[in-house]
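Observations on the three-dimensional arrangement
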Amino acid sequence: MHNRNYKKAIVFALVLTMLMPLGSVVASSSDDSASDEKVAAQAADDKAEKSEDTEGAEGDDAEAADGEEEKDEDDKDDKKDDKKEEEAEPLITDDEAAHLESCEVAAENDKFILYSDKENERIGLYVKESGQYWWSSPVNTWSDQSIVDEAKGNTMKNAQRKQVSSSLVISYADLLQSKRNVTDVYSANASKNFKTNKKGVVVTYKFKKNSGGFKIPVHYELDDQGLYVYVDTKEVEEPDTNSIDGKILTRITFAPYFGAQAPAEIDGTPIEGYMIVPDGSGAVINYNNGRSNYPDFEQVVYGRDYTPVPLSAPRVTQQAMMPVAATVKGGSGLVLVATDGDSYVTTNAQVTGQNKQAFNNVYFTFTVRSTDQFYMSGDSTNRLTVYEKGKIKTERVGVHYYPVTGQKGENVNYADCAAVYRDYLIKEKGLEKKTEAGKTPLYVDLYGGVLKQTSILGLPFDLKTEITGFKQASDIVDQLKENNIEDIVVNYNDWTNKAINKKISTEAEASGTLGGEDDFKDFLGKDGITVYPSMDNTQMNSSSWGYMTLTSTAIRISNAYSRQSKYSYAFGVAEVGVSPALLSPSKYNQVFDEMISSYKEEGIENIGFGDYANKLSSDFSTKNTSVRDNTMKTLIEGYEKAKSDVGGGIIADSANAYIIPYADHITNVPVYSSGFNVTDYDIPFYQMVVHGYVPYSGKPINASSNSDEMFMLSLAAGSNVHYDMIYEDASVLQDTEYNDLYYAHYSGWVPHAAAEYDLTKQILSGVSDMTIKKYERSADGTELKTVYTNGSKDVEVRINMRNATATVDGKTYDLSEALSEGGLNG
């Protein structure tokens with residue numbers, strides 16, 4: 001009997017397995033086995049969709065018509081796939097692809113031609129100046145015979161070719177609590193309706209019922225700068241978003257293979273080129289770099305949303321601060337700018353062989369609904385996922401593709417791509433020139449006060465403690481000036497009582513613990529320095545008038561308060577205790593109004609808003625909903641008001657792109673990327689965009705584990721020198737939130753800062769108001785050349801990191817005296 005029941009159980013399990021719904025492919029994979037699962041899942045998805053088409057034909061007349069249309073489309077695809085399995089299509093050139101019978105001119109102007117090929121689901125952009133074609137998917141997708149699996153000698157499978165040929169990828173979430181999974185679907189499995197208009201083409205994609213039944217019109221519009229591709233979310237149809245087992249859109253990806261490059265030309269000549277991704281300072285991924293065994297590149301622009309609290313410590317990376325990427329092949333390049341919906345866009349890139357596909361491509365993915373995770377009833381094994389409710393709140397998501405051609409017949413340089421984005425910021429976002437000739441200030445971050453735990457009559461007590469008082473700050477500045485540092489920009493942190501107490505601080509009232517109002521005003525008025533008293537109001541440890549933790553804390557999608565966990569260094573899990581509350585973005589307007597009013601009243605002309613320059617959060621409360629797009633607009637309005645009302649300047653810490661037009665100084669610009677395995681090397685792309693328009697500094701030299709390298713990289717990036725400094729000894733910082741400033745006691749760093757300032761002044765003062773025209777590096781990255789221009793004159797700066805020298809227009813400077821180790825050779 002036991003044996004018979006066992007056999008019945010096996011049969012029942014097999015039947016259940018056959019009846020389980022089959023998912024679609026995953027968009028990105030980190031290993032080869034996952035890629036194989038993609039192919040199997042894609043084939044299964046096709047099978048399931050065909051089955052559903054048959055079921056749809058048994059419904060009412062409208063559904064039957066749709067079902068027959070989808071079934072016919074599938075039959076055509078299947079016949080095409082079968083034919084291509086039997087015999088590979090011949091390779092064709094871009095020009096031949098443009099002259100196929102199925103391809104027609106959709107729009108044309110003096111610079112470009114827009115092509116539309118419905119049969120191959122392909123859009124093409126032709127650049128008249130260079131003769132370069134850029135296609136939404138490779139013209140030889142079904143013909144490419146490149147080896148994508150070296151171990152097995154395999155080429156792309158048909159399911160992967162369908163992925164590559166898709167000009168739209170969507171992700172949708174299944175709301176059924178037992179599933180709660182996110183599925184990716186490719187437009188190769190959707191019906192397409194191409195409609196030409198005066199501006200270009202609108203392609204309406206209709207996905208099948210088992211893929212959510214979504215209907216998404218995508219606009220392809222030609223202009224005098226290139227191609228603009230966008231979706232107005234009000235045009236998106238989501239038929240089943242409210243039922244308990246409904247499906248909702250979570251992500252939209254336009255043409256992930258737009259501008260993708262094969263490993264070789266059709267004659268077999270290897271294609272050389274690279275992609276730029278906005279990771280930290282910027283990073284380069286060379287075509288065919290052999291890193292196919294590593295995960296593909298994926299990074300959220302503007303950093304993660306801080307409202308959902310990660311269950312474990314998020315990985316430590318540099319932030320992507322600009323919604324821009326590029327792909328470059330010789331003398332032609334294509335710059336991608338996420339112009340709409342950039343508040344929640346992810347940059348993706350992959351090389352030949354990754355995910356068992358043959359191409360090198362870079363693209364953007366837009367998140368249109370956020371997610372959150374939590375554990376049910378404290379059970380760490382029962383993790384639940386919840387999704388943002390209601391309609392899509394971002395009005396439009398869009399990418400502008402800007403073709404770029406090398407100068408005077410040369411190959412496209414990184415700086416050429418940066419110039420495209422700089423021009424975009426000037427024309428579309430109002431970026432204006434803030435730099436001055438001959439100005440290379442030393443940037444110093446000073447830290448006022450902090451809470452330190454002590455005991456009174458045996459009871460623990462948090463005491464406001466002076467770390468750098470106002471007179472002490474003056475002493476530090478005096479010593480810097482005595483060492484011939486003539487131009488100093490000071491960012492002063494934690495200088496009010498509320499800021500020291502980690503409450504929301506909006507009143508410009510100097511803390512008595514640090515010396516009081518008179519000492520503060522004396523410090524602000526010192527000659528030779530520009531002081532920016534900053535306030536960081538992103539989170540609070542406790543309530544204050546107007547900012548109660550009960551009513552002013554951002555709400556997560558799960559309806560919980562957003563408390564910013566601290567994580568164990570050893571295990572990466574959240575530490576026990578009450579964590580700081582994330583201020584709701586709905587309170588930002590109040591913060592800006594109160595700060596600006598108070599600064600004006602106190603006669604303080606310069607202002608800084610701390611992490612408002614680099615963090616984006618949301619609030620999913622019913623009453624004060626603010627998704628990242630709303631928050632970004634609120635921040636822009638606040639900075640605009642500060643710019644017009646305060647009267648002086650704004651300092652911005654690690655400024656995201658939307659803040660750059662309002663900043664008079666930008667600090668903490670990294671000279672490194674995150675160093676993801678798929679990338680080849682770092683470049684100062686962020687600096688190439690802003691140099692000559694906004695003065696900036698690198699990250700603090702004395703905070704680096706390799707200060708010599710950071711100084712030389714800063715010189716190559718046109719960055720001014722930056723130091724953290726405090727007056728008290730490091731021992732005073734123990735058991736405070738300033739623990740990580742252990743390195744910052746000023747006395748030992750003044751001579752180093754003076755030496756580096758002097759060299760920076762000699763090397764960079766002559767180019768401080770110029771833009772970067774070209775950037776080059778040696779194969780080992782130790783020789784760097786930066787060419788600056790003002791339009792009529794070029795200046796070349798060379799940094800030899802191995803020999804610790806800098807050469808400016810033929811004159812050589814010895815950097816070793818300013819370095820602790822004397823160069824990379826030590």
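Just so it is clear, the model here is predicted, and its values are computed rather than measured. (Residues numbered from 1 in each chain as written. Predicted model: local features only at pLDDT ≥ 70, side-chain atom pairs only at ≥ 80, totals over all residues. Heavy atoms only, no water.)

1. Here we look at a nonpolar patch on the surface
Side chains of Ile456, Leu457, Phe461 and Leu463 sit close together on the surface and give an oily, nonpolar patch of about 450 Å² of accessible area. Following the sequence through the fold, Phe461 ends up in strand β24 (residues 459-466). (Patch = residues over 30% accessible without salt bridge, like charges linked within 9 Å, V, L, I, M, F, W, Y side chains within 5 Å. Areas by Shrake-Rupley, 256 points an atom, 1.4 Å probe, with all protein chains shown as cover. Salt bridge = Lys/Arg side-chain N within 4 Å of Asp/Glu carboxyl O. Helix = DSSP H or I, 4+ residues; strand = E, 2+ residues; numbered from the N terminus.)

2. Considering the pairing of strand β2 (residues 112-117)
Side-chain positions along a regular strand alternate between the two faces of the sheet. Burial runs high along β2: six of the six residues are buried. In the sheet, strand β1 (residues 103-108) pairs with β2 via five bridges, with the strands oriented antiparallel. Bridge pairing in β2 places Cys103 opposite Asp117. Note that β2 and strand β3 (residues 122-127) share six bridges and pair antiparallel. Bridged to Tyr115 within β3 is Gly124. (Buried < 20%, exposed > 50% of the residue type's maximum accessible area, 1.4 Å probe, protein only. Pairing = 2+ DSSP bridges.)

3. Things to note about the pattern of salt bridges
Tallying each qualifying case throughout the model produces 29 salt bridges. The closest approach of N and O atoms between Asp372 and Arg556, which form a salt bridge, is 2.8 Å. Separated by 184 residues along the polypeptide, Asp372 in strand β19 (residues 371-375) and Arg556 in the loop between α10 (549-552) and β28 (581-582) bring together distant segments of the chain. Of the two residues, Asp372 and Arg556, both sit in the buried class. Note that Lys643 and Asp664 form a salt bridge whose closest N and O atoms lie 2.5 Å from each other. Highlighted residues: Lys643 in helix α12 (residues 628-645) and Asp664 in the loop between β30 (650-653) and β31 (665-669), separated in sequence by 21 residues. Residue classification places Lys643 among the partly exposed positions, given a relative accessible area of 29%. Owing to a relative accessible area of 15%, Asp664 belongs among the buried residues under this scheme. Among the ionic contacts, a cluster of salt bridges with common partners joins Asp494, Lys502, Lys566 and Glu737.

4. Quick word on unusual backbone geometry
Positive phi values are uncommon outside glycine, yet Ala255 reaches one of about 30°. On the secondary structure map, Ala255 appears in the loop between β11 (247-254) and β12 (274-277). The exposure class of Ala255 is buried, given its relative accessible area of 4%. Its identity is not glycine, yet Asn559 carries a phi of approximately 75°, on the positive side. With respect to the element layout, Asn559 can be found in the loop between α10 and β28. Classification of Asn559 by relative accessible area gives exposed; the value is 57%.

5. Concerning the sheet that holds strand β39 (residues 811-814)
Ordered by their spatial adjacency, five strands build an open sheet running β35-β36-β37-β38-β39, and the pairing between neighbours is antiparallel. Looking at strand neighbours, the two that pair on one side only are β35 (771-777) and β39, the edges of this open sheet. Averaged over all adjacent pairs, the angle separating strand axes in this sheet is 20°, with direction ignored. As defined by bridge partners, strand β37 (residues 794-800) adjoins strand β38 (residues 805-808) across four bridges and the pair is classed as antiparallel. Pairing of Asn800 across the sheet is with Thr805, part of β38. Against the sheet, helix α14 (residues 707-716) contacts β35, β36 (783-789) and β37, and its axis sits at roughly 30° relative to β36. (Axes fitted to C-alpha atoms, helices over the stretch in contact; angles between N-to-C directions. Contact = heavy atoms within 4.5 Å.)

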